[in-house]
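Structural overview for review
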Amino acid sequence: MGTTIEWYDFLIYAAAAGLVFGQVFFPALSSSSALLASFATIGVSFFARPLGGIVAGHLGDRIGRKAMLVATLILMGASTTLIGVLPGYDAIGVAAPVLLVVFRFLQGISAGGEWGGAAMLAVEYAPPGRRGIYGSFPQLGAALGLVLANVALLVTASLMSSEQFVSWGWRIPFLFSVVLIGIGFAVRAGVGESPVFEEVRRRNARRKAPLVVLLREHRRALVIATGLFIGVNLCGYIMIAFIGSYGANALGASRVEMLLVGLVGALSWGVWILIGARLSDTLGRRRVYLIGTLALGAWCFPMFLLIDTGSIALMLVSVFGLAVGLGLTYGPQAAAYAELFPPEVRYSGSSLSYAVGAIVGGGFAPLIAGWLIERTNTSLSVSGYMLLGCVLTLITVLFWKEGTAEERGRYVTDVGSGEDRA
């Protein structure tokens, strides 16, 4: 629940950036330049993610996972609400986009610190043989957050004219975050600390400088974990933030139609996250990652060929096909990360890898995709860009050495092992 709310806040920004932020915060620019500027603000948060990952990772490995989950949730909710009440460019001039960037930066800090804690808490509670499915619930939160974001924008856009939606309607889903944050806070405040971290604390195995230990002893694991996220994050942000604006602006589809396409993509993604996580408990993380990465790469070109038909039905097919590879690679990720790092530095390692992988992967994917179409006049250039991200992840998977299920299980729970299992 907490991760769903966290990602609702983070992803509703990405969806709104492609639909209205260009008009609200960058009206002095041409329509294409305003859209690119709006996409650029999405990427700002990804520069903040490593900072959030470092701070929350250090504190999470020192004082516990739970405290960081509550703190990051509050920061995300406050930032999202402030965006919802932020006046546009017409009201306060250049201060509007400047403040928008500041609030997005704070969202990035929260997102950078939140995922590692949620994912590791879930995996460290898991019984033997079920770390994949337990770890999939924070992953599922991203898909469900996207579902909530699309539903909120879809309902709002359907109940008012386009002019009303651009003028003030888009703010309603942002302000709704206040209610969700209250629910999330109540849930997370009642969760107990991870039993693995309690053992770390009991044995006094906490490191004074987890980041230093991480960089000195677990560099290979960091590289592997970072590379595993590049392809899925890049392709995911094409679906989350780019396809909607591309369909509405380049193909003439309505906002409501493209929000519906995004909703179907998010629901499909959630289903395949669960499938991928469950398969990883039986087939192994590496094998499922390999299948998922190949599926993502194979779908890059068919996806945009279907989207370019302008048929909503074929667009739905395109995002469903993309969701297969996204789910098979994103579903096992939490368990894979937990099995790459020992408990003493697990929060730091997972958060930093996730943040850096996001920068290289999806941080500027919508902006780069928009620029590629503007320069090449074909969406197939975006397909090639997506394929490049998949190739980088495929190379990572091929260099990844995964132990047996028994070895991985010991590594997740054993305290003080210090072994790099990348």
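The structure displayed is predicted, hence computed values, not measured ones.

**Side note on the overall build of the protein**
The secondary structure content of the protein amounts to 20 helices and 0 strands. Over its C-alpha atoms the protein spans a radius of gyration of 20 Å, differing by no more than 12% from the 22 Å that the globule rule assigns to 422 residues. With the C-alpha coordinates aligned to their principal axes, the bounding extent of the protein is approximately 60 × 40 × 30 Å. Every one of the 422 residues in the protein was classed for burial, and the buried ones make up 60%. Residue pairs in contact within the protein that sit at least 24 positions apart in sequence constitute 86% of those at least 6 positions apart. In the protein, which carries 29 positive and 23 negative side-chain charges, the distance between the mean positions of the two groups comes to 6 Å.

**Brief notes about the pattern of salt bridges**
Using the criterion set out here, one finds 6 salt bridges in the structure. One connected set of salt bridges, linked through shared partners, spans Arg131, Arg278, Asp281, Arg285 and Glu339.

**Section: the packing of aromatic side chains**
Inspection of the entire model under this criterion finds 18 aromatic pairs. Between the aromatic rings of Phe21 and Trp170, the centroid separation amounts to 5.2 Å while the plane-to-plane angle is 80°, which identifies the pairing as edge-to-face. Here Trp170 lies in the loop between helix 7 (162-169) and helix 8 (171-175) and Phe21 lies in helix 1 (residues 2-25), a separation of 149 residues in the sequence. Just as Phe21 is buried, Trp170 falls in that class too. Through pairs of rings, three or more aromatic residues link up here, namely Trp115, Phe229, Trp269, Tyr330, Tyr337 and Tyr354.

**Side note on a nonpolar patch on the surface**
Side chains of Phe301, Leu305, Leu380, Leu387, Leu388, Val391, Leu392, Ile395, Leu398 and Phe399 sit close together on the surface and give an oily, nonpolar patch of about 870 Å² of accessible area. Broken down by secondary-structure element, the contributors of at least two residues to the nonpolar patch are helix 14 (285-307) and helix 19 (380-399). It is helix 19 that contributes the most residues to the nonpolar patch, 8 residues altogether.

**Focus on the side chain of Asn150**
Within the secondary structure layout, Asn150 lies in helix 6 (residues 131-158). Separated by 2.9 Å, the side chain of Asn150 and the backbone oxygen of Leu146 make a polar contact. Residues within four places of Asn150 in sequence aside, it is in contact with Leu259, Gly262 and Leu263.

**Structural notes on the nonpolar core**
One finds Phe21, Tyr237, Ile238, Trp269 and Met386 to be the most contacted residues of the largest nonpolar core, which totals 110 residues. In terms of residue count, helix 12 (residues 219-249) provides more of this core than any other element does, 17 residues in total.

**Examining the confidence of the model for the protein**
In the predicted model, the protein carries a mean pLDDT of 86, and the fraction of residues at 70 or more is 94%. Element-level mean pLDDT values for the protein span from 57 in helix 20 (residues 405-413) up to 97 in helix 14. This model gives residues 417-421 a pLDDT under 50, and the stretch forms 20 contacts once residues within four places in sequence are excluded.

**Here we look at unusual backbone geometry**
In this structure, Asn377 takes a positive phi of about 60° despite not being glycine. Position of Asn377 relative to the elements: it lies in the loop between helix 18 (365-376) and helix 19. Look at Asn377 and you get exposed, because its relative accessible area is 71%.

**Some points on the packing of helix 1 against helix 12**
Axis separation between helix 1 and helix 12 bottoms out at 8 Å; the angle between their running directions is 25°. If you check the angle between helix 1 and helix 12, you find them roughly parallel. Taken as a pair, helix 1 and helix 12 cross one another with a handedness that is right-handed. The segment helix 1 lies against helix 12, with Trp7, Phe10, Leu11, Ala14, Ala15 and Gly18 engaging Tyr237, Ile240, Ala241, Ser245 and Asn249. In terms of residue class, the contact of helix 1 with helix 12 is built from 8 nonpolar, 3 polar and no charged.

**A word on the environment of Val288**
The topology assignment puts Val288 in helix 14. Among the residues examined, Val288 registers a relative accessible area of 2% and is labelled buried. The sequence separation of Val288 and Gln164 amounts to 124 residues, and the corresponding C-alpha distance is 46 Å. Leave out the neighbours within four places in its chain, and Val288 touches Gly276, Leu279, Ser280, Leu283, Leu328 and Pro332.

**Observations concerning helix 12**
Helix length check: helix 12 (31 residues) gives 43 Å between terminal C-alpha atoms against 45 Å at 1.5 Å per residue, within 8%. Counting buried residues in helix 12 gives 26 out of 31 residues, a clear majority hidden from the surface.

**Some details on the side chain of Ser350**
Residue position: Ser350 is located in helix 17 (residues 346-360). Given a relative accessible area of 0%, Ser350 falls into the buried group. A distance of 2.9 Å separates the side chain of Ser350 from the backbone oxygen of Arg346, its partner in a polar contact. Leave out the neighbours within four places in its chain, and Ser350 touches Trp115, Gly116, Met120, Tyr337 and Phe341.

**With respect to the state of the cysteines**
Applying the stated criterion across every chain yields a total of 0 disulfides. There is no disulfide at Cys390, and the cysteine sulfur nearest it, in Cys235, is 3.8 Å away.

Reading the values: rules and limits
- Residues numbered from 1 in each chain as written.
- Predicted model: local features only at pLDDT ≥ 70, side-chain atom pairs only at ≥ 80, totals over all residues.
- Heavy atoms only, no water.
- Helix = DSSP H or I, 4+ residues; strand = E, 2+ residues; numbered from the N terminus.
- Rg over C-alpha atoms; globule rule 2.2 N^0.38 Å.
- Buried < 20%, exposed > 50% of the residue type's maximum accessible area, 1.4 Å probe, protein only.
- Contact = heavy atoms within 4.5 Å.
- Lys, Arg positive; Asp, Glu negative; His and termini not counted.
- Charge placed at Lys NZ, Arg CZ, Asp CG, Glu CD.
- Salt bridge = Lys/Arg side-chain N within 4 Å of Asp/Glu carboxyl O.
- Phe/Tyr/Trp six-rings, centres within 6.5 Å; stacked < 30°, edge-to-face > 60°.
- Patch = residues over 30% accessible without salt bridge, like charges linked within 9 Å, V, L, I, M, F, W, Y side chains within 5 Å.
- Areas by Shrake-Rupley, 256 points an atom, 1.4 Å probe, with all protein chains shown as cover.
- Polar contact = N/O pair within 3.5 Å; in protein donor to acceptor, adjacent residues only side chain to side chain.
- Core = buried A, V, L, I, M, F, W, Y, C linked by side-chain atoms within 4.5 Å.
- pLDDT = per-residue confidence, 0-100.
- Axes fitted to C-alpha atoms, helices over the stretch in contact; angles between N-to-C directions.
- Parallel < 35°, antiparallel > 145°, perpendicular 65-115°, else oblique.
- Left-handed = near helix turned anticlockwise from the far one by under 90°.
- Nonpolar A, V, L, I, M, F, W, Y, C, P; charged D, E, K, R; others polar.
- Expected span 1.5 Å × (residues − 1).
- Disulfide = S-S within 2.5 Å.

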